[in-house]
Amino acid sequence: MRVNSDKLIAALRQQLAEYEHKLQVEEIGNVVEVGDGIAVVDGLRGVMSQELLDFSGGVMAVAFNLEEETVGCILLGPDEEIQEGDQVRRTGRIAETSVGEAVFGRVMTPLAEPLDDRGPIAADQTRPLELKAPGVIERQPVCEPLYTGIKAIDAMTPIGRGQRELIIGDRQIGKTAIAIDTIINQRDSDVRCIYVAIGQKLSGVRRIAAILQEHGAMEYTCIVAACASDPAALLYIAPYAGCTIGEHERENGRHALVIYDDLSKHAKAYRELSLLLRRPPGREAYPGDIFNLHSRLLERACKLSEERGGGSLTALPIVETQEGDYSAYIPTNVISITDGQIYLEPELFHQGVRPAVNVGLSVSRVGGAAQPQMMRQVSGRLRTDLAAYREYEAFTRFASELDERTRQILGRGQRMVEVLKQRQYAPLSSVEQTIAIFAGTRGHWDDIEPDRIDELEPQLIEFIYEHHPDVVETLTETEEIEEEMAQRLTDAVEEFKGSLEAEPSDQE
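Cut-off values and rules
- Residues numbered from 1 in each chain as written.
- Predicted model: local features only at pLDDT ≥ 70, side-chain atom pairs only at ≥ 80, totals over all residues.
- Heavy atoms only, no water.
- Salt bridge = Lys/Arg side-chain N within 4 Å of Asp/Glu carboxyl O.
- Helix = DSSP H or I, 4+ residues; strand = E, 2+ residues; numbered from the N terminus.
- Buried < 20%, exposed > 50% of the residue type's maximum accessible area, 1.4 Å probe, protein only.
- Expected span 1.5 Å × (residues − 1).
- Pairing = 2+ DSSP bridges.
- Axes fitted to C-alpha atoms, helices over the stretch in contact; angles between N-to-C directions.
- Contact = heavy atoms within 4.5 Å.
- Disulfide = S-S within 2.5 Å.
- Polar contact = N/O pair within 3.5 Å; in protein donor to acceptor, adjacent residues only side chain to side chain.
- Phe/Tyr/Trp six-rings, centres within 6.5 Å; stacked < 30°, edge-to-face > 60°.
- Lys NZ or Arg CZ within 6 Å of the ring centre and 35° of its normal.
- Patch = residues over 30% accessible without salt bridge, like charges linked within 9 Å, V, L, I, M, F, W, Y side chains within 5 Å.
- Areas by Shrake-Rupley, 256 points an atom, 1.4 Å probe, with all protein chains shown as cover.
- Lys, Arg positive; Asp, Glu negative; His and termini not counted.
- Charge placed at Lys NZ, Arg CZ, Asp CG, Glu CD.
- Left-handed = near helix turned anticlockwise from the far one by under 90°.
- Nonpolar A, V, L, I, M, F, W, Y, C, P; charged D, E, K, R; others polar.

Draft legend 1. Seen up close, the pattern of salt bridges. All chains considered together, the criterion is met by 33 salt bridges. Note that Arg192 is salt-bridged to Glu249, the shortest N-O span being 3.9 Å. Within this pair, whereas Arg192 is found in strand 11 (residues 191–198), its partner Glu249 is found in helix 5 (residues 232–251), the two being separated by 57 residues in sequence. On the basis of relative accessible area, Arg192 is assigned to the buried category, the value being 18%. Note that Arg412 and Asp385 form a salt bridge whose closest N and O atoms lie 3.7 Å from each other. Highlighted residues: Arg412 in helix 11 (residues 404–420) and Asp385 in helix 10 (residues 373–396), separated in sequence by 27 residues.

See the structure below:
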């Protein structure tokens, strides 16, 4: 086979003419120190804060401390295979996670790696973990309710879309249960939910996913899990990843709810990383910027102005207390950042009051502006009755004889405590809550034994839905209890009680 020299020369000349010399500059550093989930690297003078770094063993890290000669990194994977002298490369990318439709219905790590055995997450969009919160001009006041489906919360400490409401209390008294019920209650709304599990067991996270799946809530929920066995760096970035997913929904004019369970473990992970990288410790050994850690996270939750699309991101952070001490460092920090708190009291929990919401210490600073009129009308009396009950209950422990007025207050209070009890995974609509609370505050349960209210209340709601659908329809449309509606509700409740009295004679 003969080669045509002219064609060969022409091809070579064309290649030489098109050749363009490109100088590729790559900044490479070396590991100086490694261990306990952190690494110190030198030679990366141009590195950015929060930039992803690639270690030679395939482990990724985030630039955490930018010092004069070295960079302190937090490792997002095991450090066993990283040794002193290993090479470290910059990626030029700020730490980010996947967002969009593909992440909902999935259980994943903060870096969008699947934990649910359903294959890779096919997301085509990413967003940085850290973003600046919208300014005051870009926001609008809280004006839409976000129903939890829990009577004690929706009536007395209401939550609005764009609000930040803290759930605080000791361990194992129902904080996560409130969060899960709130997610389940969004089934018929347009709210997307993100549940961030920080420092929990993987088995516990899978149990929560199974509960949400059973109640049809997993399809609009994303679970971001940084488990107890994961590096502290993953626990640190987990809430920011969950917030980023919710922010993507908010920026596209939709509504999202993000739950951080819990920020106490998040603060401890941040303290661990800070102490390992020799940041100066402050109160309780937390670094001086621990307040900024949570404020820059929670300030990202808001309701945007109509010019920005009107989307919202609601945050429900959870903080664990020790022996009911809500005046400790981290709880008081988060209380000062949020728009109110729901305090769960251990004593109430052990008395069988579930959810164990302490009415006196729980408050919602902005949610009342989004509460429907009918709920405000019935909850005013509710707070008064409970406050009087708690006050008189304390005095009656030392009194032998009680007057009629005191007995009435105590009897009404006992029944209102029963009205506010609610089974788990059984959220109620706003109309159902209004009917239940109306019956209690208007005295319709005063002649009923308190221990029967839990059984009769669902029957009353079912009775009104079945025999008085016009009442339900009017309440749904107007969301207000005028005099006529109050009388119709009263007649319906009395008719239900009359049917109860007729039952024994029918059987005889």
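Still to come is the rest of the account.
Draft legend 2. Highlighting helix 12 (residues 430–441). Look at helix 12: 16 Å from first C-alpha to last across 12 residues, which is about the 16 Å you get at 1.5 Å a residue. The element helix 12 is largely enclosed, with a buried count of 12 among its 12 residues.

Draft legend 3. Broad picture of the sheet that holds strand 3 (residues 51–55). The sheet built from 6 strands closes into a barrel, its strands ordered 1-2-5-4-3-6 with antiparallel pairing. Each strand of the sheet is rotated relative to its neighbour by a mean of 45°, with strand direction disregarded. Across 4 bridges, the pairing between strand 3 and strand 6 (residues 87–94) is antiparallel. Bridge pairing links Phe55 to Val88 in strand 6. Lying on the sheet, helix 6 (residues 263–276) is in contact with strand 2 (38–42), strand 4 (60–66) and strand 5 (70–75); it crosses strand 4 at an angle near 65°.

Draft legend 4. Representation of the state of the cysteines. Summed over the entire model, instances satisfying the criterion amount to 0 disulfides. With no disulfide of its own, Cys193 lies 11 Å from the sulfur of Cys222, the closest cysteine sulfur. Under the relative-accessibility criterion, Cys193 is labelled buried at 1%. For Cys222, a relative accessible area of 0% puts it in the buried group.

Draft legend 5. Region of interest: the side chain of Gln163. By the element assignment, Gln163 lies in the loop between helix 2 (151–156) and strand 10 (166–169). Among the polar contacts made by the side chain of Gln163, one reaches the main-chain amide nitrogen of Gly160 at a distance of 2.9 Å. If near-sequence neighbours (up to four positions away) are discounted, Gln163 is found in contact with Val142, Pro158, Leu313, Thr314, Ala315, Asp339, Ser364, Arg365, Val366 and Gly367.

Draft legend 6. Structural detail: the packing of aromatic side chains. Tallied over the entire structure, the rule returns 7 aromatic pairs. A ring pair is formed by Phe64 and Tyr236, whose centres lie 5.5 Å apart and whose planes are at 80°; its orientation type is edge-to-face. Of the two residues, Phe64 is situated in strand 4 and Tyr236 in helix 5; the sequence distance between them amounts to 172 residues. Here the two residues Phe64 and Tyr236 agree in accessibility, since each one is buried. Every member of this aromatic cluster is reached through a ring pair, and the members are Phe64, Tyr236, Tyr240 and Tyr270. Sitting above the plane of the Phe104 ring, Arg192 keeps its charged end 4.7 Å from the centroid. Across from the ring centre of Phe64, 4.2 Å away, lies the NZ or CZ of Arg279, which sits over that ring.

Draft legend 7. Geometry of a negative patch on the surface. A contiguous patch of negative charge on the surface is contributed by Glu480, Glu482, Glu483 and Glu484. Counting through the fold element by element, Glu482 comes out in the loop between helix 14 (469–478) and helix 15 (483–507).

Draft legend 8. Structural context of the sheet that holds strand 11. Strand order in the open sheet made by the 8 strands is 8-12-11-13-14-10-15-16, with mixed pairing throughout. One side of each edge strand has no neighbouring strand; the edge strands of this open sheet are strand 8 (107–108) and strand 16 (363–364). Relative to strand 12 (residues 221–226), strand 8 is paired through 2 bridges, and the arrangement is parallel. Bridge pairing links Val107 to Ile223 in strand 12. Helix-sheet contacts for helix 6 involve strand 11, strand 13 (255–261) and strand 14 (312–320), and the interaxial angle to strand 14 is about 75°.

Draft legend 9. Up close: the packing of helix 12 against helix 13 (residues 453–467). With their axes 10 Å apart at the nearest point, helix 12 and helix 13 run at an angle of 120° to one another. In this structure, helix 12 meets helix 13 at a crossing whose hand is right-handed. Between helix 12 and helix 13, the contacting residues are Val431, Glu432, Ile435, Ala436 and Ala439 on the first element and Glu457, Leu460, Ile461, Ile464 and Tyr465 on the second. The class makeup of the residues in the contact of helix 12 with helix 13 is 8 nonpolar, no polar and 2 charged.

Draft legend 10. Molecular detail of the pairing of strand 6. Sheet topology places strand 1 (residues 28–35) next to strand 6; 3 bridges connect them, and they run antiparallel. From the neighbouring strand, Ile28 faces strand 6, where its bridge partner is Arg89.

Draft legend 11. Just helix 8 (residues 329–337), in detail. Among the 9 residues that make up helix 8, 7 are buried, leaving the element largely enclosed by the rest of the structure. Within helix 8, the full set of buried residues consists of Tyr329, Ile330, Pro331, Asn333, Val334, Ile335 and Ile337. On its buried face, helix 8 sits against strand 10, helix 6, helix 7 (290–298), strand 14 and strand 15 (340–344).

That is the geometry; function is a separate question.
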